[in-house]
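# Examining the three-dimensional arrangement
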Amino acid sequence: EVQLVESGGGLVQPGGSLRLSCAASGFTFSSYAMAWVRQAPGKGLEWVSSINSGGGTTSYADSVLGRFTISRDKTRMLYLQMNSLKLEDTAVYYCAKSGSYYPTPMLDEYDYWGQGTQVTVSS
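Described below are features of the structure shown in this document. (Residues numbered from 1 in each chain as written. Predicted model: local features only at pLDDT ≥ 70, side-chain atom pairs only at ≥ 80, totals over all residues. Heavy atoms only, no water.)

The number of helices and strands found in the protein chain is 0 helices and 11 strands. The helix and strand sequence of the protein chain, counted from the amino end, reads β-β-β-β-β-β-β-β-β-β-β. Whereas a compact globule of 123 residues would reach a radius of gyration of roughly 14 Å, the protein chain reaches 13 Å, a difference of no more than 12%. With respect to the three principal axes, the spread of C-alpha positions in the protein chain is 40 × 25 × 25 Å. Counting all 123 residues of the protein chain, 45% fall into the buried class. Within the structure as shown, the protein chain displays about 6100 Å² of accessible surface, and the carbon and sulfur contribution to it stands at 50%. Placing the 9 positive and 10 negative side-chain charges of the protein chain at their respective mean positions leaves the two points 6 Å apart. (Helix = DSSP H or I, 4+ residues; strand = E, 2+ residues; numbered from the N terminus. Rg over C-alpha atoms; globule rule 2.2 N^0.38 Å. Buried < 20%, exposed > 50% of the residue type's maximum accessible area, 1.4 Å probe, protein only. Areas by Shrake-Rupley, 256 points an atom, 1.4 Å probe, with all protein chains shown as cover. Lys, Arg positive; Asp, Glu negative; His and termini not counted. Charge placed at Lys NZ, Arg CZ, Asp CG, Glu CD.)

This structure, assessed with the given rule, holds 1 disulfide. Between Cys 22 and Cys 95 runs a disulfide, and the two sulfur atoms are separated by 2.1 Å. On the sign convention where negative is left-handed, the bridge of Cys 22 and Cys 95, at about -65° about the S-S bond, is left-handed. With a gap of 73 residues between them, Cys 22 in strand β3 (residues 18-25) and Cys 95 in strand β9 (residues 91-98) connect regions that are remote in the sequence. The residues Cys 22 and Cys 95 share a single accessibility class, namely buried. (Disulfide = S-S within 2.5 Å.)

In this structure, Arg 76 takes a positive phi of about 70° despite not being glycine. Among the structural elements, Arg 76 can be located in the loop between β7 (68-73) and β8 (77-82). Residue classification places Arg 76 among the partly exposed positions, given a relative accessible area of 29%.

Another aspect to go through is the side chain of Ser 98. With respect to the helices, strands and loops of the structure, Ser 98 is situated in strand β9. Accessibility expressed as a relative area gives 0% for Ser 98, which makes it buried. At 3.0 Å, the side chain of Ser 98 and the backbone nitrogen of Ser 100 are in polar contact. If near-sequence neighbours (up to four positions away) are discounted, Ser 98 is found in contact with Tyr 32, Ala 33, Glu 109, Tyr 110 and Asp 111. (Polar contact = N/O pair within 3.5 Å; in protein donor to acceptor, adjacent residues only side chain to side chain. Contact = heavy atoms within 4.5 Å.)

Walk down a regular strand and you will see the side chains alternate between the two sheet faces. Counted residue by residue, strand β5 (residues 45-51) has 5 buried out of 7 residues, so it is predominantly covered. With 6 bridges connecting them, strand β4 (residues 34-39) and β5 associate as antiparallel partners. Within β5, the residue paired with Met 34 across the bridge is Ile 51. With antiparallel pairing between neighbouring strands as the criterion, β5 and strand β6 (residues 58-60) make up a hairpin whose turn holds 6 residues, including Gly 55 at a positive phi of roughly 90°. (Pairing = 2+ DSSP bridges.)

Pasting the structure below:
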């Protein structure tokens, strides 16, 4: 059974940092691209970042480029380092598994999702 469990969310002031983690199990982690997707209050899902199966290729939404960094390691963990957080980064952040090895911003390419972790940026 595929499981994706996010952690690391919380309340942070504007300009602060958080590191999200996603623990993956139930599939060959090294064979699939992964992504972070978020949903702000009252809005739809927004792709944030993706990483390929090997970890060498990453992509980011324009809204987070230069502030967020996606990474993965061989212990079946996916990470999102978030720096210079803004009020508009407030959202539930989801970890998602792709159906293939290459990263894509297309949400329908992701077949499994975690339960999400809340990130609130507020002064």
